[in-house]
Amino acid sequence: AQSVTQPDIHITVSEGASLELRCNYSYGATPYLFWYVQSPGQGLQLLLKYFSGDTLVQGIKGFEAEFKRSQSSFNLRKPSVHWSDAAEYFCAVGSFSSGSARQLTFGSGTQLTVLP
Amino acid sequence: DTEVTQTPKHLVMGMTNKKSLKCEQHMGHRAMYWYKQKAKKPPELMFVYSYEKLSINESVPSRFSPECPNSSLLNLHLHALQPEDSALYLCASSEGQLNPWEAFFGQGTRLTVV
């Protein structure tokens, strides 16, 4: 069965500092990987996705992520964090469930706090 | 239009009430989802509709009843809920066969059961 692990429950960075959020997955085949962001009381917004091809993917809001098959990782990065980046970040893997339906499996999330 | 619209945004209901949550999308997506999210937790999948047919029911209690009247609409009917059902209920949609996992989420309905 597929699973996603986000080892860091909470990360605090200063505004302008670089950011890396960790994500490890377990999946038998080539994974379809995603990062979503959720501001308090809001829905989730897709930041970026990896399906195949170039292992470094660019997303919205200046985020990027790198797929490393050897490490089963898909870490999210941003060179310079803005105060508005404070939110909950979820890594997810796309998987097949029973029958033909498909779904996302989410990690437990990482809460990002940005200090002024 | 890349929006998933959920109504209402907030709902307070008693344990004997019947209410419904509504979700609408006009992106032509053929898969729609209901998720439940408790505070500080990831979303938990409840139901999946694929081509307007219920394809996944993740062992959700019968007091939650989904309905997909057409390809653009998804409802969640609520009856005799418990206080522990209080949560953020998220609707999402995805293209279906071509891109099944790139989900667009609504802003959610914050449900409080009293």
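Everything below is about the structure printed above this text.
Worth saying up front: this structure is predicted, and the values here are computed from it rather than measured.

1. As for the overall build of chain A
So, step 1. In terms of regular secondary structure, chain A is built from zero helices and 12 strands.
So, step 2. Taken against the 2.2 N^0.38 rule, which gives 13 Å for 116 residues, the C-alpha radius of gyration of chain A at 14 Å falls within 12% of a compact globule.
So, step 3. With the C-alpha coordinates of chain A rotated into their principal frame, the extents come out at 50 × 30 × 25 Å.
So, step 4. Buried residues in chain A amount to 47% of all 116 residues.
So, step 5. In chain A, the share of contacts with a sequence separation of at least 24, taken over all contacts with a separation of at least 6, comes to 53%.

2. Observations concerning the pattern of salt bridges
So, step 1. Considering all chains together, one arrives at eight salt bridges over all chains under this definition.
So, step 2. Across the salt bridge formed by Glu 64 of chain A and Arg 77 of chain A, the nearest N and O atoms sit 3.2 Å from each other. With Glu 64 of chain A in strand S8 (residues 64–68) and Arg 77 of chain A in strand S9 (residues 73–78), this residue pair connects regions lying 13 residues apart in the sequence.
So, step 3. Judged by relative accessible area, which is 23%, Arg 77 of chain A ranks as partly exposed.
So, step 4. The partner of Lys 36 of chain B in a salt bridge is Asp 85 of chain B, and the shortest N-O contact between them spans 4.0 Å. A residue pair is termed long-range when its members are at least 10 positions apart, and Lys 36 of chain B in strand S4 (residues 31–37) and Asp 85 of chain B in the loop between strand S8 (73–79) and strand S9 (87–94) qualify at 49 residues.

Basis of the calculations
Residues numbered from 1 in each chain as written. Chains lettered and ligands numbered in written order. Predicted model: local features only at pLDDT ≥ 70, side-chain atom pairs only at ≥ 80, totals over all residues. Heavy atoms only, no water. Helix = DSSP H or I, 4+ residues; strand = E, 2+ residues; numbered from the N terminus. Rg over C-alpha atoms; globule rule 2.2 N^0.38 Å. Buried < 20%, exposed > 50% of the residue type's maximum accessible area, 1.4 Å probe, protein only. Contact = heavy atoms within 4.5 Å. Salt bridge = Lys/Arg side-chain N within 4 Å of Asp/Glu carboxyl O.

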